[in-house]
Amino acid sequence: MTLDLTQFHEIFFEESFEALDSMEAALLKLSAGEVDAELINTIFRVAHSIKGGAATFAFNEVAGFTHVLETLLDQLRAGKRQVRPDIVDVLLRSGDAMRAMLSATQRKEAIDTAGVATLRAELDRIMSESGNAAAPVAAAAASPVKAQAPAGAPAHKPGWRIKFVPGPDLLRHGNDPLRILRELSTLGHLKVSADAGGIPPLTDLDPEVCRLRWNLEVEGEIERAAVQAVFEWAESECELTIERIGGEPSAATAPAPAAAPIAAPIAAATPATEAASAPKAESAARNANPDGGSIRVSIEKIDELLNSVGELVITQSVLSQLAAPLEGREAGELRSALAQLERHMRALQESVMRVRMLPISFVFNRFPRLVRDLGQRLGKKIELKVTGDTTELDKTVLEKIGDPLVHLVRNSIDHGIEMPDVRLAAGKTEHGTISLHAYHKGGNVIVEVSDDGGGLRKDKILKKALERGLVTSDVELSEERILNLIFAPGFSTADVVSDVSGRGVGMDVVRRNILELGGHIQIFSTEGKGSTIRIRLPLTLAILDGQLARVGKEVYVVPIVSIVETIQVTRERVCAVANGGQVFRLRDDYLPIVRLHSLFDIEPDHLDLLDGLLMIVEADGKRVGLFVDELMSQQQVVIKSLETNFKQVTGLAGATMLGDGRVALILDIPGVITRFQEPEERGRKPQAA
Amino acid sequence: MSNTNANGGLEAADAQQFLTFKLAGEEYGVGILTVQEIRGWSQVTKVPHTPVWLLGVINLRGVVVPIIDLRLKFNFANAEYTDTTVVIILTVGIRVVGVVVDGVSDVITVGPAQIKPAP
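Just so it is clear, the structure is predicted and the values come from calculations on it, not from any experiment.

Conventions used here
Residues numbered from 1 in each chain as written. Chains lettered and ligands numbered in written order. Predicted model: local features only at pLDDT ≥ 70, side-chain atom pairs only at ≥ 80, totals over all residues. Heavy atoms only, no water. Helix = DSSP H or I, 4+ residues; strand = E, 2+ residues; numbered from the N terminus. Buried < 20%, exposed > 50% of the residue type's maximum accessible area, 1.4 Å probe, protein only. Contact = heavy atoms within 4.5 Å. Areas by Shrake-Rupley, 256 points an atom, 1.4 Å probe, with all protein chains shown as cover. Pairing = 2+ DSSP bridges. Polar contact = N/O pair within 3.5 Å; in protein donor to acceptor, adjacent residues only side chain to side chain. Buried area = accessible area lost by both parts, 1.4 Å probe. Salt bridge = Lys/Arg side-chain N within 4 Å of Asp/Glu carboxyl O. Patch = residues over 30% accessible without salt bridge, like charges linked within 9 Å, V, L, I, M, F, W, Y side chains within 5 Å. Phe/Tyr/Trp six-rings, centres within 6.5 Å; stacked < 30°, edge-to-face > 60°. Axes fitted to C-alpha atoms, helices over the stretch in contact; angles between N-to-C directions. pLDDT = per-residue confidence, 0-100. Core = buried A, V, L, I, M, F, W, Y, C linked by side-chain atoms within 4.5 Å. Expected span 1.5 Å × (residues − 1). Parallel < 35°, antiparallel > 145°, perpendicular 65-115°, else oblique. Left-handed = near helix turned anticlockwise from the far one by under 90°.

Concerning the overall build of chain B
Okay, step 1: A count of helical and extended segments in chain B gives two helices and eight strands.
Okay, step 2: Beginning at the N terminus, the succession of helices and strands in chain B can be written as α-β-β-β-β-β-α-β-β-β.
Okay, step 3: Per-residue burial over chain B gives 39% buried out of 119 residues.
Okay, step 4: Put simply, of all contacts in chain B between residues at least 6 apart along the chain, 52% involve residues at least 24 apart.
Okay, step 5: Surface summary for chain B: the accessible area is close to 6900 Å², and the carbon and sulfur share equals 56%.

Following this line, the structure appears as structure tokens:
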């Protein structure tokens, strides 16, 4: 076969990794005591299709190992063996091993053969346990790969072994090998193995010439004449050897991995007429997957689409701007048509965005395993509660929150949840609970990781921070600020682990990751009761509803989600405070006034508060008044990252293109507030309240 | 002898091409393969809290590209924006940046033997 199979490798890897995920999910359900035939079937299907694929691409280690795994799964499926925790454990680790093997193969690296061999030995041991040897399973009959899986052990049943080598003209004379095989199968249990060795490269392939050969085994008390009768019409055009299945082990029952590469490439190489039963069985198995109506599209294509839509949105807003000053009857019609266009654009944009959205369960799914394994290792009893795992998030966001979340959950398991005896002594249940909770709020997705463990010890955090010079003793810190100290870089060192129940390990990294996504992280903790970490993430990284605001010559985009209201300032509501700052009385609150022009060092039109506008913006529960010259239109803007070609700037979430082709910077309100507060922190407590 | 060698180097595969440009009367060069395009000077959007030599960002066909004034970066006193002032768009690694120079001059081919270590 000279057909280049490497082009299919990536798809195979991708599908296999996904399949392994679903296998792991099913295994975890099994381990939770749910014994369900469908679950075992799912696991089996995964193992089977990976094995088939691996054999096709000659990843023999993977195929060989999976074969052993499959045999065990087959026994579980047939009810020959009970599902036990230790078996599930081995199966879970086998899944890991397969993943490792596949990714090693993908990267063209060496496979950890020693580890695989150990696992394989373990699988073998389990299978040899109750003398219940593997037996062929009727349901698996269709596939030669599967049919041969339990090879070796079974006693030979009576039957016939047939070697069927059709002549090249068989098809031209109207004989259909498939029909022959089908007829054979009515006589008794049929095992089919196709030999595609004679197939030329695709370019030289003549679909009318039959080059396939078959090794067949039909079981049952059948008369030789009956078998021969099946081949009656083809007899003159083929070589046919029919022999009784005897005691001697024969070449036909060679190990499955050897047979599989022969059978499977047919799917790729030959037209449908010549397709043997093996690929059919495979595709049938694939069709059985629940995600029937989906296609695989590369992210680049979707991003291209999204970009084009973004440009369209800009063009559309240019058109609207051009139409605005027009007058007359036609102008009205034009405007209403443009309004319609805008609605359609929004709909289009939303559907394109939705293509990129995935449920957060993609990330949450790894946690049952993590909690189970880590809990076991630490001897802690932990229950994981997951809610809102259907909440959808942009794929990019999803990919980037995986690691931070793992970190947080590990922290909760490792340092949050106490040992069972400690918990009992504290009057809590023996089982600790970690909950993952995801939900929509405003334009954001909130993810909360909470535990009912020991909580953070504020006195120790403060002591540590003083030692490290992160704070000075003369400043009175709010509870929130003390908790936030664990996010400070340099707070995450080994001795903190023992001192402050270990929280803070790499928490600065977690926070940085979340901030990079345009999200925010908050921590709540009650000593003795547990902690909650709340992460706020943008629904998507690509588009934002923005309010354009002008300061001098510059135009900034303020995210609408951050805006509370915009007001005209009156003199009597402004009070001066120390250090030249000003606060503004809004109903019963005093809000600090942030002058954008002085914060960003630009030349404004108005210096007097009465001439401009005050935008009340909110982030993380803090509100400030943002002083700008003028408000402009509201529009959806496509977020372009500043980081791609430059770097992150505190206070800026990115940039976007305006209708006139200019770049406008998008404000990051939490960053703006931080920027505003930071230089004053040493002096006084921010935000007089 | 050394001359012919150098000439031979010009035709050799390891000879490099450089785009030369003027900065405060001096000639500078940049590897031609990093040059994406040359644009006329256009207004930029200022980015706050950045060094003075970072003039701001422009919209280059939908991509946000930072613009650096090399004359300010190199601490030259005179950074005027005239008719010949141009922006060279460079691709550096995965990043795209624009540099403002007084004007571009030529493309020269230089053999490895002609490149001396920096003073």
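From this point on, the discussion continues.
A short note on the overall build of chain A
Okay, step 1: Helix and strand content of chain A: 23 helices and 22 strands.
Okay, step 2: Per-residue burial for chain A yields a buried fraction of 45% across its 689 residues.
Okay, step 3: Counting every atom, chain A has about 33300 Å² of accessible surface; 53% of that belongs to carbon and sulfur.

Re the pairing of strand E16 (residues 582-586) of chain A
Residues and elements named next belong to chain A.
Okay, step 1: Strand direction decides the pairing type here: strand E15 (residues 574-576) and E16, joined by three bridges, are antiparallel. Bridge pairing in E16 links Val 574 to Phe 584.
Okay, step 2: Connecting the antiparallel pair E15 and E16 is a turn made up of five residues, with Asn 579 showing a positive phi of about 65 degrees.
Okay, step 3: Sheet topology places E16 next to strand E17 (residues 589-595); four bridges connect them, and they run antiparallel. Across the sheet, the residue bridging to Arg 585 is Tyr 590, located in E17.
Okay, step 4: What sits between the antiparallel neighbours E16 and E17 is a turn of two residues, in which Arg 587 has the positive phi angle 50 degrees.

Details of the environment of His49(B)
Okay, step 1: Locating His49(B) in the fold gives a position in the loop between strand E3 (35-40) and strand E4 (54-60).
Okay, step 2: Setting aside its immediate chain neighbours within four residues, His49(B) contacts Leu599(A), Phe600(A) and Arg675(A).
Okay, step 3: A polar atom in the side chain of His49(B) sits 2.8 Å from the backbone oxygen of Leu599(A).
Okay, step 4: Side-chain polar atoms of His49(B) contact the side chain of Arg675(A), separated by 3.3 Å.

Points about unusual backbone geometry
Okay, step 1: A positive phi angle is found at Asp601(A), which is not glycine, with a value near 60 degrees.
Okay, step 2: Along the polypeptide, Asp601(A) turns up in the loop between helix H22 (596-600) and strand E18 (613-619).
Okay, step 3: Its identity is not glycine, yet Ala24(B) carries a phi of approximately 50 degrees, on the positive side.
Okay, step 4: With respect to the element layout, Ala24(B) can be found in the loop between strand E1 (16-23) and strand E2 (26-31).

Observations concerning the pairing of E4(B)
Residues and elements named next belong to chain B.
Okay, step 1: With respect to burial, E4 is a largely interior element, six of its seven residues being buried.
Okay, step 2: In the sheet, E4 pairs with strand E5 (residues 63-69) via six bridges, with the strands oriented antiparallel. Residue Ile 58 lies in a different strand from E5, and its bridge partner there is Val 65.
Okay, step 3: Connecting E4 to the antiparallel partner E5 that follows it, the hairpin turn spans two residues, and Arg 61 within it adopts a positive phi of roughly 45 degrees.

Digging into the interface of chain A and chain B
Often, the extent of an interface is quoted as the loss of accessible area upon association of its parts.
Okay, step 1: If you look at the interface, chain A gives 19 residues, while chain B gives 19 residues.
Okay, step 2: Summed over both partners, the interface of chain A with chain B buries about 1700 Å², with 61% contributed by carbon and sulfur atoms.
Okay, step 3: Along the contact surface separating chain A from chain B lie zero salt bridges.
Okay, step 4: Our count for the chain A to chain B interface comes out at six residue pairs in polar contact (both at pLDDT 80 or more).
Okay, step 5: Of all the elements in the fold, those that place two or more residues in the side of chain A that touches chain B are H22, strand E21 (652-657) and strand E22 (663-667) of chain A.

Considerations on a nonpolar patch on the surface
All names here are of chain A.
Okay, step 1: On the surface, Leu 319, Leu 322 and Leu 341 cluster together into a nonpolar patch covering about 260 Å² of accessible area.
Okay, step 2: Tracing the backbone through its elements, the reader meets Leu 319 in helix H12 (residues 299-323).
Okay, step 3: For Leu 319, a relative accessible area of 39% gives the class partly exposed.

Focus on the packing of aromatic side chains
Residue and element names in this part refer to chain A.
Okay, step 1: Overall, the coordinates contain nine aromatic pairs over all chains when judged by the stated rule.
Okay, step 2: Between Phe 13 and Phe 59 the ring centres are 5.6 Å apart and the planes differ by 15 degrees, which places this aromatic pair in the stacked class. With Phe 13 in helix H1 (residues 9-31) and Phe 59 in the loop between helix H2 (37-56) and helix H3 (60-77), this residue pair connects regions lying 46 residues apart in the sequence. The residues Phe 13 and Phe 59 share a single accessibility class, namely buried.

Let's talk about the pattern of salt bridges
Residues and elements named next belong to chain A.
Okay, step 1: What the rule picks out here adds up to 28 salt bridges over all chains.
Okay, step 2: Glu 418 is paired through a salt bridge with Arg 423; the nearest N and O atoms lie 3.0 Å apart.
Okay, step 3: With relative accessibility at 14%, the residue Glu 418 sits in the buried group.
Okay, step 4: Here the salt bridges do not stand alone but share partners, grouping Asp 21, Glu 24, Asp 89, Arg 93, Asp 96, Arg 99, Glu 122, Arg 369, Arg 372 and Asp 373 into one network.

Brief notes about the sheet that holds strand E19 (residues 622-628) of chain A
Residues and elements named next belong to chain A.
Okay, step 1: Spatial ordering of the open sheet is given by E14-E18-E19-E17-E16-E15, a layout of six strands whose pairing is mixed. Here the strands that pair on one side only, and so sit at the sheet edges, are strand E14 (563-567) and E15. Between one strand axis and the next, the sheet turns through 30 degrees on average, direction left out of account.

So, the sheet that holds strand E8 (residues 103-110) of chain B
Residues and elements named next belong to chain B.
Okay, step 1: An order of E2-E1-E8 is seen for the three strands of this open sheet, with the pairing classed as antiparallel. This sheet does not close on itself; its edge strands, each paired only once, are E2 and E8. Going from strand to strand, the sheet's axes swing by 30 degrees on average, the running direction of each strand aside.

Structural notes on the confidence of the model for chain A
Okay, step 1: On average, chain A scores 76 in pLDDT, and the residues at 70 or more come to 82%.
Okay, step 2: Here residues 680-689 of chain A is modelled with pLDDT under 50, and outside its nearest four sequence neighbours on either side it reaches nine contacts, counting other chains as well.

Focus: the nonpolar core
Residues and elements named next belong to chain A.
Okay, step 1: Counting residues in hydrophobic clusters, the biggest one holds 47 residues, and the most contacted among them are Leu 596, Leu 626 and Leu 667.
Okay, step 2: Excluding anything up to four places from it in sequence, Leu 667 contacts Tyr 556, Val 557, Val 558, Pro 559, Leu 596, Phe 600, Leu 626, Gly 651, Leu 652, Ala 653 and Val 672.
Okay, step 3: Leu 20, Ile 43, Ala 47 and Leu 76 belong to the second largest nonpolar core, which has 45 residues in total.

Quick word on H3(A)
Residues and elements named next belong to chain A.
Okay, step 1: Look at H3: 25 Å from first C-alpha to last across 18 residues, which is about the 26 Å you get at 1.5 Å a residue.
Okay, step 2: Along H3, 15 of the 18 residues are buried, which leaves the element largely enclosed by surrounding structure.
Okay, step 3: With its phi angle positive at about 75 degrees, Gly 79 sits one or two positions after the end of H3.

Description of the confidence of the model for chain B
Okay, step 1: Mean pLDDT over chain B works out to 82, with 88% of the residues at or above the 70 mark.
Okay, step 2: As a predicted assembly, this complex carries a pTM of 0.48 together with an ipTM value of 0.78.

Let's talk about the packing of H12(A) against helix H13 (residues 329-356) of chain A
Residues and elements named next belong to chain A.
Okay, step 1: H13 packs onto H12 with a crossing angle of 160 degrees between their chain directions and a minimal axis gap of 10 Å. In terms of axis orientation, H12 runs roughly antiparallel to H13. In terms of crossing hand, the pair formed by H12 and H13 is left-handed. Between H12 and H13, the contacting residues are Ile 299, Ile 302, Asp 303, Leu 305, Leu 306, Val 309, Leu 312, Val 313, Gln 316, Leu 319, Ser 320 and Ala 323 on the first element and Leu 334, Arg 335, Leu 338, Leu 341, Glu 342, Met 345, Leu 348, Gln 349, Val 352, Met 353, Val 355 and Arg 356 on the second.

Notes on H2(A)
Two residues of an α-helix separated by three or four positions point the same way, owing to the 3.6 residues in each turn.
Residue and element names in this part refer to chain A.
Okay, step 1: For H2, with 20 residues, the first-to-last C-alpha span of 28 Å sits near the 28 Å given by 1.5 Å per residue.
Okay, step 2: Along H2, 14 of the 20 residues are buried, which leaves the element largely enclosed by surrounding structure.
Okay, step 3: The positive-phi residue at the C-terminal boundary of H2 is Ala 58, with phi of around 60 degrees.

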